[in-house]
Amino acid sequence: MSVASQDNAASVGRVGRTFVYLTLLLFALFYLLPFFIMLVNSLKPLGEITGGNMIALPQDWTIAPWLSAWSTAQIGVEPTGLKPYFWNSIRMVVPAVVICTMIGALNGYVLTKWRFRGDTIVFGLMLFSCFIPFQIVLIPMARILGILEISGTTAGLVLVHVVYGIGFATLYYRNYYAAFPTELVRAAQIDGAGFFQIFYRILLPSSGPITVVCVIWLFTNIWNDFLFGASFASGDAAPMTVALNNLVNSSTGVREYNVHFAGAILAALPTLLVYIVAGRFFVRGLMAGSVKG
Amino acid sequence: MGFLDINNVTKSYGAVEVLHKVDINVEEGEFLVLVGPSGCGKSTLLNMIAGLEGITSGEISIKDRVMNGVHPSKRNIAMVFQSYALYPNMSVGKNITFGLEMHGTPKEEREKALKDVASLLQIDHLLDRKPGQLSGGQRQRVAMGRALVRDPDVFLFDEPLSNLDAKLRVDMRTEIKKLHQNLKTTVVYVTHDQIEAMTLSTRIAVMYDGYVQQLGTPKEIYDTPENVFVATFMGSPAMNVMPATVEMIEGAPHAKISDSEGNHVTLAFAQDNLADWAGKEILLGIRPEAITDPEAADRDSNRIEKLANRVGVTEPSGADTFVTMTLGGKDIIARMRADTTVAAGEMFDFAVNMEKAVAFDPKTEARIKP
Ligand SMILES: Nc1ncnc2c1ncn2[C@@H]1O[C@H](COP(=O)(O)OP(=O)(O)OP(=O)(O)O)[C@@H](O)[C@H]1O
Ligand SMILES: [Mg+2]
């Protein structure tokens, strides 16, 4: 396979390859341009932006907009900066991702290695939950959060995201474990390992790639969610995305674009970080089920 | 009551019965081989002994203890899988001692058991490696080590050699046999390779389509197959089976067959009760090595018959020369000496050892017993 594609690459020739790389470079620049503009403008004093030149590098480099966005900018009525909401998001994302991943892995294990009557139906229903549009569940969810007395809290948001995330997490792990040799489970059974021992000692240690995929997927989705955050936790418990919106909308006097840019980058930073740290495992994990060896 | 008793065991998946009333008693120290073509239910039966598959009806007991419903880890059995099923995340040493750890054996004892098994199998130098860093033969040894370390009542093997190349397979086969001779542990071994079955076993159960076709020692299976399936499945090349008619000549039953020229030839049976079949059709079974050149014929046999026939193809294989000819309308293989003088297309006087010939009822395909 790789030999064949190398042959192809060689036969395309120098001109063709230059063309391919140029095109790729062009698109990369195109996609990076917005980020570049955000970055340079977040490092300028406001005057330079309103002065008109958005593309130019800052004449006066400053990190004041970043400090302002983080700790002093007006969010709604309070001048708190994004800081408390950033921690809100962390307190929401981390438990939700951990709980979803654990339950998803356990579900995948049971659905592939401890099959029971009707297991495909159960899995089908879980899959179905992945495709229910968010808007449909807003009202029933609000009602349930009310009954549980956790509406408007981070705990409530964790619950919402766990409910939504389990479907995908289960899908990932089930497909991954389906390719995991059942003979290993049988060998472990004969060796005397119990249900959880087989899970912890045999399956989990081999689940690195799919766990990375699952965590990245859940982390980005939950971190970037706006609808649930705005609907169920708009006050002090609001997540970062909602706070960013409030930051941009609540500037009464002049619009501090440089602060807005800095805030937007702050809001995107954790997902960016997750991709950079774990991203190279991402593709590997996605491929793991389909290509053996 | 044997050591391992399989009494009237059946297995169904839904409405499909894949094993029908299997009845096998295994004595302590026996090496029982389950052999048969793909899909005949060998693995299913083995998994039922291991407790990995439920028993639909009947009873399996080990050492007089009924095992139905007993968890696999509580049966004191060990199993070697076709894919070896080594835990990929654990070192070789951990793989071998995992079962002991799960059974709560103290660490010092585990270390000692590991040492013993590792030196027995000559894998001392591999203990820190991961299974992914081993060759096929080494993995095979580790898998056996994992089974040995438990000191089980019964070893179960599911086609343990089928992933190895031809040469290594022969070596490991010898090694398994040696191991069994030293340890004398009871073994149930699944294979679809009839040579493995013949060389390793003390007894063989030939299975087909969910039925045990015949249970017996390798010699019984080879010399007196119960039916045409067993006769043709065991042995390589397969037993020659051809239609024949029983004819009485001077009061003795003979097999009347048409030779390569379309003429009738007769071969005197060594089996007297075939007189009851006089004038009727039978299926005559003769193993290739029972058709030879006269110099190589079995001197102990009381019934060597001469057969003049035209040689079809000769295939020298080094140790022997295989000769194909037409007999009874079928292609028949004879096993001759390596330096035999036969030449393709010529007539040759073959010697047929009729003491080794078997007759089958053409309707039921069962052997007509003496
Ligand atoms: N879970 C199952 N559901 C339905 N039928 C099954 C199941 N498992 C096995 N079978 C059937 O049972 C029969 C016996 O299978 P088994 O695996 O024991 O065959 P085998 O003799 O080990 O064959 P092989 O040499 O190919 O391993 C086969 O016909 C198979 O299709
Ligand atoms: Mg099998």
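Participant: Explanation requested: the sheet that holds strand β16 (residues 304-310) of chain B in the structure shown.
Facilitator: All names here are of chain B. Reading across from one edge, β15-β20-β16 is the order of the three strands in this open sheet, with antiparallel pairing throughout. The sheet is open, and its two edges are formed by β15 (291-292) and β16, each paired on a single side. Sheet analysis places β15 next to strand β20 (residues 347-353), joined by two bridges and oriented antiparallel. Paired with I291 across the two strands is V352, which belongs to β20.

Participant: How should the nonpolar core be read in this particular structure?
Facilitator: The nonpolar side chains of a soluble globular protein tend to be buried with one another. Ranked by internal contacts, the top residues of the largest apolar core, which has 101 residues, are A:I202, A:L203, B:I24, B:L34, B:L156 and B:V188. A per-element tally of this core places helix α7 (residues 154-178) of chain A first, with 11 residues. Not counting residues within four places of it along the chain, the set of residues in contact with A:I202 comprises A:F180, A:L184, A:A188, A:Q197, B:Y87, B:N89, B:M90 and B:F98. Counting residues in hydrophobic clusters, the runner-up holds 43 residues, among them B:L134, B:I176, B:I204 and B:I221.

Participant: Before we go on, may I ask you to explain the domain arrangement of chain B in this structure?
Facilitator: How big an interface is tends to be reported as the loss of accessible area on association of its parts. Residues and elements named next belong to chain B. Looking at chain B, the domain boundaries give domain 1 (4-227) and domain 2 (240-360). Summarising the inter-unit geometry, the C-alpha centres of domain 1 and domain 2 are found 40 Å apart. Listed by partner, the interface residues are six residues for domain 1 and five residues for domain 2. Taking both partners together, domain 1 and domain 2 bury about 450 Å²; carbon and sulfur atoms supply 47% of that area. When the buried surface of domain 1 facing domain 2 is broken down by residue, Y222, D223 and P225 rank first, second and third, together holding 79% of it. The partner of K356 in a salt bridge is D223, with the nearest N and O atoms 3.7 Å apart. Classifying every residue of the side of domain 1 that touches domain 2 by side-chain character gives three nonpolar, one polar and two charged.

Criteria and cut-off values
- Residues numbered from 1 in each chain as written.
- Chains lettered and ligands numbered in written order.
- Predicted model: local features only at pLDDT ≥ 70, side-chain atom pairs only at ≥ 80, totals over all residues.
- Heavy atoms only, no water.
- Pairing = 2+ DSSP bridges.
- Helix = DSSP H or I, 4+ residues; strand = E, 2+ residues; numbered from the N terminus.
- Core = buried A, V, L, I, M, F, W, Y, C linked by side-chain atoms within 4.5 Å.
- Buried < 20%, exposed > 50% of the residue type's maximum accessible area, 1.4 Å probe, protein only.
- Contact = heavy atoms within 4.5 Å.
- Domains from an automatic or database assignment.
- Buried area = accessible area lost by both parts, 1.4 Å probe.
- Salt bridge = Lys/Arg side-chain N within 4 Å of Asp/Glu carboxyl O.
- Nonpolar A, V, L, I, M, F, W, Y, C, P; charged D, E, K, R; others polar.

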